[in-house]
Amino acid sequence: MESYFDIDIWGLVAAVVMVLVAAAISALMKTGVAKSLIWATARSLVQLLAMGFILEYVIRQNNVWLVIGLIALMLLAAVQITMGRATGAPKGLVGIVLLSLVVTMLLMLAIVAELIVRPKPWYAPQLVIPLTGMLLGNTVSALALGLSRFFESMRERYAEVNTMLALGATKWEAAKPSMISSIRLGLLPSIAMLASSGIVTIPGMMSGQIIAGKSPVSAAKYQFVILAAVAALTLVADSIIIALIYKRCFISYDRYFVPEPAKKLSFKDLVQLHKSVHPGEKPEDAKRAAAKEQHAQMR
Amino acid sequence: MTEGEVVAQTTKTSTATATGASGGARHLFTARDVTAVMPRRGGGETTVFQGLEFHVDGGEVVDLTGPSGSGKSTLLTAFARLNVYTTGSFALDGKDSDTFTPQQWRVNVAYLPQTSTLIGETVADAIRLPWTLKVRQGERAHEPKDMLSDAHIRATLDRMGCRDIDLGRAPRDLSGGQAARVSLARTLLTKPRVLLADEVDAGLDEENADKVADLLKLAAHEGTAVVRIRHRAPDGRATRMMVLKDGALREVPLPTAAQVAAAQRADVVDGSADDTADGTADEKE
């Protein structure tokens, strides 16, 4: 049952017209969302098409280094998005976020791709890259939610933490309620997704495979493996990060001190990160790129 | 007052008290060179006090008074080594605090915060909390097995004059006075060697304040060194009185029995409204 219905250029136009009509209606109703709706639509069209062309190229080339390079880029973007969304988290967490994302991503690829699906070649881009994307998308929101919640909770529990320390609690014991609440909150969306899939929603991946003409049953098997792995690995990522950062809320002699929230991660920090990951590169290019970005931001 | 004067004054006071107490014998708890430097809102720093000396022995009840913002709470949290803005050297039985783990130090030198934070579903859980901590896991082996049973906690609370407190109640349903006593009982049951009570009677009515004072006096009888921050009029239970003012810590003579009685009569008329106001101001320290 291999049948696939392609969308031609008029399909895209129709979708855009639909959004324009919706925007016009909302502009008439003065809801104030018309502009951002159009802007977001334009962005999504460009970004998705770009991703499509890039993926097509990478899949056609079928080159292991291209795959690894693309995954590295996705990881960096994931770090940036996590830090941007994690309000209230102090600075200096970039390394830890990157570490936990890399660890969970490697686990995902090792277990789901190489142990369960076993593609040939092992780096098959049409499997590995969408897998990474689905994992990162989920982990990023869980980590951002978990990080914000942890530091917010540690600030809120000021009196409780100090009381526990005064009674002889260790840093771990005093921070534990905040850790639990943070991990629980970060994991809620994954659990809800697992429980509701198949009843309320046909998840994106399964829909995609069915539309592409694959058997719905094999699509369901695929979807289940991905959902289960993503939920489990989100827990892993969240636990790694919380276990590594809880000490940030204490200073010497186990005294309670929550660091100031960091300002939003800027493009400069990314360049800095990029430089520490690839130290061999010329700094001029990075600097020029940063200046350009800043100029664009000012306008 | 300049800094030089502050230091000179504290040194003088400490020699005076050292000779006063059993001829320079080693004290249970000593604090030397205690300094607090707070960050100011909007940048800069404020030195609250500098180079303070203090000591206390088992069985003593030392009252610490002084105007709001003089750093009394800061001083006590410095003793328990909980305060991030303070430095100093502290010793228990002549052993420096750095030779203890932070947890062991705080088990021995227990700070009791002004606001009672009771953690747990029920009052019994809140009282059991210290015994669930790792630092006391070894200790529990030596305690009787039923020490954490509700019956045992009930008996202990009754002995402390807390008959009115139901163990099964949620901590948030307690009155202010009851919560203060449960919080005090929780710390007292851990038998600290030094108890640093930060205005635990603030905002309590006369009757509850009296009960709290009795509990502290009982602990002192059993050998604990008690330091109390107080805003209320003297209640006749202190064995020494210290005043922290303008960065200097001075010992002042104890009020006579007649003065205590007069002050308590005045306190009843005054009420404790200004105590509560002082208390909230103090929290910022």
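The shown structure was predicted, so the numbers you read here are calculated from the model rather than taken from an experiment. Sequence positions are assigned chain by chain, starting from 1 and proceeding in written order. The naming scheme follows written order: chains are lettered A onward, ligands numbered 1 onward. Under the rules for a predicted model, residues below a pLDDT of 70 receive no local features and side-chain atom pairs below 80 are neither given nor counted, while totals for whole chains, interfaces and linings still include all residues.

**Concerning the sheet that holds strand β10 (residues 248-252) of chain B**
Residue and element names in this part refer to chain B.
- When DSSP finds two or more bridges between two strands, those strands count as paired. What counts as a helix is a DSSP run of H or I of at least four residues, what counts as a strand is a run of E of at least two, and both are numbered from the N terminus. Read across the sheet, six strands follow the order β6-β7-β8-β3-β9-β10 without closing on themselves; strand pairing throughout is mixed. Both edges of this open sheet fall to β6 (109-112) and β10, since each of them pairs with a single strand only. Averaged over all pairs of adjacent strands, the angle between strand axes in this sheet comes to 20°, irrespective of strand direction.
- Bridging between β6 and strand β7 (residues 194-198) involves four bridges; their strand directions are parallel. Following the sheet pairing, Y111 is matched in β7 by L196. Orientation is described by axes fitted as lines to C-alpha atoms, over the contacting stretch for helices, and by angles from 0 to 180 degrees between their N-to-C directions.

**Observations concerning the packing of helix α5 (residues 125-156) of chain A against helix α7 (residues 171-196) of chain A**
Residues and elements named next belong to chain A.
- Packing of α5 against α7 leaves a shortest axis separation of 8 Å and a crossing angle of 150°. When the axis of α5 is compared with that of α7, the two are roughly antiparallel. Crossing of α5 against α7: the hand is right-handed. Contacts from N138, S141, A142, L143, L145, G146, R149, F150, S153 and M154 of α5 reach α7 at A175, S178, M179, S181, S182, I183, L185, G186, L187, P189 and S190.
- Its residues assigned to classes, the contact of α5 with α7 shows 11 nonpolar, nine polar and one charged. Orientation categories follow fixed angle ranges, with anything under 35 degrees roughly parallel, anything over 145 roughly antiparallel, 65 to 115 roughly perpendicular, and all other angles oblique. The hand of a helix crossing depends on one turn: near helix anticlockwise from the far one by less than a right angle means left-handed, and clockwise means right-handed. Placing C-beta atoms from the backbone, we regard two residues as in contact once those atoms come within 7 Å. All residues other than Ala, Val, Leu, Ile, Met, Phe, Trp, Tyr, Cys, Pro, Asp, Glu, Lys and Arg, Gly among them, are scored as polar; the first ten of these are nonpolar and the last four charged.

**Focus on the environment of W39(A)**
All names here are of chain A.
- Inspection of the secondary structure puts W39 in helix α2 (residues 34-61).
- Here a residue counts as buried when 20 or more other C-beta atoms fall within 10 Å of its C-beta, as exposed when 12 or fewer do, and as partly exposed in between; the C-beta atoms come from the backbone. Since 11 C-beta atoms lie within 10 Å of it, W39 is described here as exposed.
- In this structure the C-alpha to C-alpha distance between W39 and R60, which are 21 residues apart in sequence, comes to 32 Å.

**As for the interface of chain B and chain A**
- Across the contact, 21 residues belong to chain B and 16 residues belong to chain A.
- Every element with two or more residues in the side of chain B that touches chain A is listed here: α3 (102-108), β6 and α4 (123-132) of chain B.
- The element that contributes the greatest number of residues to the side of chain B that touches chain A is α3(B), accounting for four residues.
- Split into classes, the residues belonging to the side of chain B that touches chain A amount to 13 nonpolar, four polar and four charged.

**Some thoughts on the domain arrangement of chain A**
All names here are of chain A.
- Domain start and end points were adopted from an automatic or database domain assignment. When its domains are assigned, chain A resolves into domain 1 (8-61) and domain 2 (63-265).
- Relative placement of domain 1 and domain 2: their C-alpha centres are 28 Å apart.
- Facing the four residues of domain 1 at the interface are seven residues of domain 2.
- Classifying every residue of the side of domain 1 that touches domain 2 gives three nonpolar, one polar and no charged.

**Describing the UniProt feature "transmembrane region" (unreviewed entry) in chain A**
Residue and element names in this part refer to chain A.
- UniProt positions are given in the numbering used here, feature names are shortened, and annotations may be inferred rather than shown by experiment. Per the UniProt record, the feature "transmembrane region" (unreviewed entry) sits at residues 12-29, 36-58, 64-81, 93-117, 123-147, 185-212 and 224-246.
- For residues 36-58, the helix share is 100%, the strand share is 0%, and the end-to-end C-alpha distance is 32 Å.
- The span residues 64-81 carries 100% helix and 0% strand; its end-to-end C-alpha distance comes to 26 Å.

**Structural notes on the nonpolar core**
- Membership of the largest hydrophobic core comes to 116 residues, with the highest contact counts inside it found for L196(B) and V226(B).
- A total of 14 residues in this core trace back to one element, the largest contributor, which is α5(A).
- Leaving out residues up to four positions away in the same chain, L196(B) has contacts with L76(B), F79(B), A80(B), V109(B), A110(B), Y111(B), L112(B) and V227(B). Think of a nonpolar core as buried Ala, Val, Leu, Ile, Met, Phe, Trp, Tyr and Cys residues, each tied to the set through C-beta atoms within 7 Å.

**A closer look at the sheet that holds strand β5 (residues 95-96) of chain B**
Residue and element names in this part refer to chain B.
- One open sheet holds the four strands; their spatial order is β2-β1-β4-β5, and the pairing between them is antiparallel. Strands at the two margins of the open sheet, each flanked by one partner only, are β2 (45-56) and β5.
- With eight bridges connecting them, strand β1 (residues 29-39) and β2 associate as antiparallel partners. Following the sheet pairing, T30 is matched in β2 by H55.

**As for helix α2 (residues 72-79) of chain B**
All names here are of chain B.
- Burial analysis of α2 places eight of its eight residues in the buried class, the great majority of the element.
- Those residues of α2 that fall on the buried side of the exposure criterion are K72, S73, T74, L75, L76, T77, A78 and F79.
- The positive-phi residue at the C-terminal boundary of α2 is R81, with phi of around 55°.

**Focus on the packing of helix α4 (residues 94-117) of chain A against helix α9 (residues 216-245) of chain A**
Residue and element names in this part refer to chain A.
- In contact at an axis separation of 9 Å, α4 and α9 are set at 155° when each is read in the N-to-C sense. In terms of axis orientation, α4 runs roughly antiparallel to α9. Relative to α9, the crossing made by α4 is right-handed. Note on element contacts: α9 touches α4 through V225, A229, L233, V236, A237, I240, I241, L244 and I245, opposite I96, V97, S100, L101, V103, T104, L107, M108, I111, V112 and I116.

**Notes on the pairing of strand β8 (residues 225-229) of chain B**
Residues and elements named next belong to chain B.
- Burial of β8 is extensive: five of the five residues sit out of reach of the surface.
- Side chains A225, V227 and I229 of β8 all project onto a buried face; the interleaved residues V226 and R228 project onto the opposite face, where all are buried too.
- As judged from the four bridges shared by strand β3 (residues 61-65) and β8, these two strands associate in the parallel manner. Counted as the bridge partner of V62 is V227 from β8.
- Bridge analysis of β7 against β8 gives five bridges, and the strand direction is parallel. Looking across to β8, one finds that L196 is bridged to V227.
- Chirality of the crossover, the property in question, places the unit of β7, helix α8 (residues 206-221) and β8 among those that are right-handed. A crossover gets the label right-handed when its path from the first strand over the helix to the second runs clockwise, viewed with the strands pointing away from the viewer.

**Examining unusual backbone geometry**
- With an omega of -5°, the peptide bond running from K120(A) to P121(A) counts as cis.
- As for its placement among the helices and strands, P121(A) is situated in the loop between α4 and α5.
- We note that D246(B) has phi near 50°; this positive angle belongs to a residue other than glycine.
- Position of D246(B) among the secondary structure elements: in the loop between β9 (240-245) and β10.
- The exposure class assigned to D246(B) is partly exposed, which follows from the 13 C-beta atoms found within 10 Å.

**Focus: the confidence of the model for chain A**
- Per-residue confidence from the predictor is reported as pLDDT, a score between 0 and 100. Taken as a whole, chain A shows an average pLDDT of 84; of its residues, 88% reach a score of 70 or greater.
- Taken element by element, chain A is modelled with least confidence in helix α11 (residues 283-298) of chain A, mean pLDDT 56, and with most confidence in helix α6 (residues 158-166) of chain A, mean pLDDT 91.

**Side note on the environment of I183(A)**
Residue and element names in this part refer to chain A.
- Mapped onto the secondary structure, I183 falls in helix α7.
- Overall, the presence of 21 C-beta atoms within 10 Å leaves I183 in the buried class.
- Note: C-alpha distance between I183 and Q126 (57 residues apart in sequence) is 32 Å.
- Beyond its immediate sequence surroundings of up to four residues, I183 is in contact with G146, D238, S239 and I242.

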